[in-house]
Amino acid sequence: MSTPSKPETRAISVDYLARVEGEGNLKARVRDGKVEIVEFGIFEPPRFYEAFMRGRRFGDAPDITARICGICPIAYQMSSAHAMESIFGVKMEGALRDLRRLIYCGEWIESHVLHAFMLHLPDFLGYQSAIHMAADHRDAVEKALKLKKVGNDIVTLLGGREIHPINVKVGGWYKVPAKKDLEALVPDLEWALDAATWAVEFTAGLPFPEIEQDFEYVSVSHPDEYPFNEGRLVSNKGIDVPVSGWNDVFEEVHVARSNALQSKVRERGSYHCGPLARYTLNFEKLSPRVQQAASKAGLGPTCFNPFQSIVVRCLETLHSVEEALRLIEAYQAPARPDVPFEVKAGEGHGASEAPRGMLYHRYRLDDEGYILDAQICPPTAQSQMSIEDDLRRVLEASLDLPDDELQWRLEQTVRNYDPCISCATHFLKVEIDRG
Amino acid sequence: MSKPKLGVFKFASCDGCQLSLLDCEDELLTVAGAIQIAFFPEASREYVEGPYDLTLVEGSITTPHDLEAIKEIRAQSKFLVTIGACATAGGIQALRNWKDVTEFTRYVYAHPEYISTLETSTPVADHVAVDFELRGCPINKWQLVEVVNAFLHNRKPNIPTYSVCVECKRRGTACVMVAQGIPCLGPVTQAGCGALCPAYNRGCYGCFGPMESPNVPSLGEWWRSLGVDDRDLVNALRGFNAYAEPFREASDVYAQQA
């Protein structure tokens, strides 16, 4: 795929980026040792969710927007439900709130382990896929698959099925589990505590290129908890606003040259959402066990090397397992599965932490609860500009690699982000002007 | 004997149906032992050229590029199976089929001139011959394993075409529409999910598409008698399988009356 077109020019083109969710491509051109073009493009066809949500009832939003992404449907259900609930003045509290956190733990576990072991680890060990890798590392692949399944089991128990679960609704749940249903998960979760600790140690031993990036990290931040569903939007460069302030600090731009709608910090530029951002901005909210595992893995309270995101995903997996056990222990089935409310007109905002980063939803409703206006900003669209900045710096630092290794390194750089391209409804194919 | 070659392709979709394959945590390595995963970009960098013995196609056809690509994939495939509501019915994105796609483009994108899209989102079978359609939004992973297994043993997949009601009876779930007055699409929807929604005290929303020979107008009258207005009835039928013929035709009738 990569061919030197002139002795002094290197053109790298990956037409169909593998081991990511959705359809993307990657193009770079280097002339006389200088990086001229680096572009991460998306040719995922547009599906126009925001357009066809208009005229639907508020209650359709969790079910319909879940279909934006098969890997992180819970994130869409959470952000949309919270946005609607903010309009009706509904607050998730007690057991209903805990169950929302619990189902998110399940999604983080399954998505993080899927990404870390099935999609990302093969890059570090030099395999085309986890299935190829299983020939030499069968135990590790089997253990990871079992860990992933523990996450899926939580989602299935609470949501009915692992992909596009059916139990979350605006106002709470259709049905809540009995305590003993949740307790059935405990033995596997206890096994998963050890397995996730092993995953942190295993990935911490991988070779990482020594690259530190000056990211602006953005995540949801809660005063007492590592973030899932609630909190303010904060960054390491001074952003600190309520979720309803998303459009005040960020903007979506349709850049003609790169032909994609990207999010940026107003009057500043790229920012980065995801595990590294959450970790760096919320380290002190992690439990002693997770902090200790991080320290054993050689990580401090911040991490700016995108290649180490694989370790941070495993740390967040450990956090999710521990949190799931805590939530199950504290659980008492609530008297009713939902909070009653009256439908009214208004505008609502929701931001929650999808496994791959902050997901923002905004809706405006009429007085019967029909959607007038919708805005959905998925994490990969928010990080896209940062991915391109990152690719440029990795490319500049890796020019001594032969073409095939360089191509793989750039692919790996994109996979560091666990990009969810189907999510990024705003992404388009990149057309390069070659002059 | 060499192992049959599997190709997995996607068009407009959420990736959830092909993810079902990776969600077969206990079976994945066994399946990989029986089949050569020749093209499956979500899982592997490896690209083995066609022809493919078994091809799974996810997603609906929505762009001029995809219209050409599906023909090429058909030419490279011995047995082509479409998986999921997008590939078998056009998916939720088929809601554009009732609207002006230019207006949609302007609503979402600042520079609509960069968008290359068709007026409609359509199922794969509208464009090429399909050997088997596996329904669901998402598909049921056990049904996918059954389809792959049936292919390996050269037999017809055992996938029922009766309604969700049968699954409720089998599961022992009391009818939510009769007992609780909750509007439910189960009587016109194909089984396959295991009658999940009624088991969680909500009505079926039709994610496996129309059953064989459904009586949608009769169910529509039931919904009306439960107090559902025609606008909501149209929305219910125009879900993940909106463009499947029985749902589409009935929704058009109610839309005129709404």
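From a predicted model like this one, the values you see are computed outputs, not experimental measurements. (Residues numbered from 1 in each chain as written. Chains lettered and ligands numbered in written order. Predicted model: local features only at pLDDT ≥ 70, side-chain atom pairs only at ≥ 80, totals over all residues.)

### Overview of the overall build of chain A
- Within chain A, the secondary structure is distributed over 14 helices and 14 strands.
- Here the C-alpha atoms of chain A give a radius of gyration of 21 Å, agreeing with the 22 Å that 2.2 N^0.38 yields for 435 residues.
- Overall size of chain A, expressed as C-alpha extent along the three principal axes, is 70 × 50 × 35 Å.
- In chain A, which comprises 435 residues, the share counted as buried stands at 57%. (Helix = DSSP H or I, 4+ residues; strand = E, 2+ residues; numbered from the N terminus. Rg over C-alpha atoms; globule rule 2.2 N^0.38 Å. Buried ≥ 20, exposed ≤ 12 C-beta atoms within 10 Å, placed from the backbone.)

### With respect to helix H14 (residues 403-415) of chain A
Residue and element names in this part refer to chain A.
- In this model, H14 (13 residues) spans 18 Å end to end at C-alpha, consistent with the 18 Å of a helix rising 1.5 Å per residue.
- Within H14, the full set of buried residues consists of Leu-406, Leu-410, Thr-413, Val-414 and Arg-415.
- Tucked inside the fold, the buried residues of H14 contact strand E2 (9-14), strand E3 (24-31), strand E4 (34-42), helix H4 (94-125) and helix H13 (379-397). (Expected span 1.5 Å × (residues − 1). Contact = placed C-beta atoms within 7 Å.)

### Observations concerning the interface of chain B and chain A
- Every contact between the two is made by 50 residues of chain B and, on the other side, 49 residues of chain A.
- Residue assignment for the side of chain B that touches chain A shows that the elements contributing at least two residues are helix H1 (16-22), helix H2 (28-34), helix H5 (101-108), helix H9 (196-199) and helix H11 (230-237) of chain B.
- In terms of residue count, H1 of chain B provides more of the side of chain B that touches chain A than any other element does, five residues in total.
- In terms of residue class, the side of chain B that touches chain A is built from 28 nonpolar, 11 polar and 11 charged. (Nonpolar A, V, L, I, M, F, W, Y, C, P; charged D, E, K, R; others polar.)

### A look at the pairing of strand E1 (residues 5-10) of chain B
Residue and element names in this part refer to chain B.
- Among the six residues that make up E1, six are buried, leaving the element largely enclosed by the rest of the structure.
- Residues of E1 alternate between two faces, with Lys-5, Gly-7 and Phe-9 on one and Leu-6, Val-8 and Lys-10 on the opposite face, all of them buried.
- Direction of pairing for E1 relative to strand E2 (residues 36-39): parallel, over a ladder of three bridges. If you follow Lys-5 over to E2, its bridge partner there is Gln-36.
- The sheet contact formed by E1 and strand E3 (residues 52-58) spans five bridges and is parallel. Bridge assignment links Phe-9 to a residue of E3, and that residue is Val-57. (Pairing = 2+ DSSP bridges.)

### Observations regarding unusual backbone geometry
All names here are of chain B.
- Omega for the bond connecting Gly-50 with Pro-51 falls within 30 degrees of zero, at 0°, which places this linkage in the cis form.
- By secondary structure assignment, the location of Pro-51 is in the loop between E2 and E3.
- Each neighbour pair has its own omega, and for Cys-137 with Pro-138 the value is 5°, a cis peptide bond.
- Relative to the assigned elements, Pro-138 resides in the loop between strand E5 (132-134) and helix H6 (141-152).
- Notably, Asn-201 is not glycine yet its phi reads approximately 65°, a positive angle.
- One can find Asn-201 in the loop between H9 and helix H10 (216-225).

### Description of the sheet that holds strand E12 (residues 346-354) of chain A
Residue and element names in this part refer to chain A.
- Ordered by their spatial adjacency, three strands build an open sheet running E12-E13-E14, and the pairing between neighbours is antiparallel. Two strands close off the open sheet at either side, each with one partner strand: E12 and strand E14 (371-377). Pairs of neighbouring strands in the sheet enclose a mean axial angle of 15°, with direction left out of account.
- Bridge count between E12 and strand E13 (residues 357-365): nine bridges; the pairing is antiparallel. Each bridged residue has a counterpart across the sheet, and for Glu-347 the counterpart in E13 is Arg-364.
- Where H13 meets the sheet, its contacts fall on E12, E13 and E14, and the angle it forms with E13 comes to roughly 125°. (Axes fitted to C-alpha atoms, helices over the stretch in contact; angles between N-to-C directions.)

### Quick look at the packing of H4 of chain A against helix H12 (residues 309-330) of chain A
Residues and elements named next belong to chain A.
- Contact geometry for H4 and H12: axes closest at 8 Å, N-to-C directions at 155°. One way to sum up the angle between H4 and H12 is to call them roughly antiparallel. Where H4 crosses over H12, the two elements pack in a sense that is left-handed. Within the contact between the two elements, H4 uses Asp-98, Arg-101, Leu-102, Cys-105, Trp-108, Ile-109, His-112, Val-113, His-115, Ala-116, His-120 and Leu-121 and H12 uses Ile-310, Arg-313, Cys-314, Glu-316, Thr-317, Ser-320, Val-321, Glu-323, Ala-324, Leu-327 and Ala-330.
- A per-class count over the contact of H4 with H12 returns 13 nonpolar, five polar and five charged. (Parallel < 35°, antiparallel > 145°, perpendicular 65-115°, else oblique. Left-handed = near helix turned anticlockwise from the far one by under 90°.)

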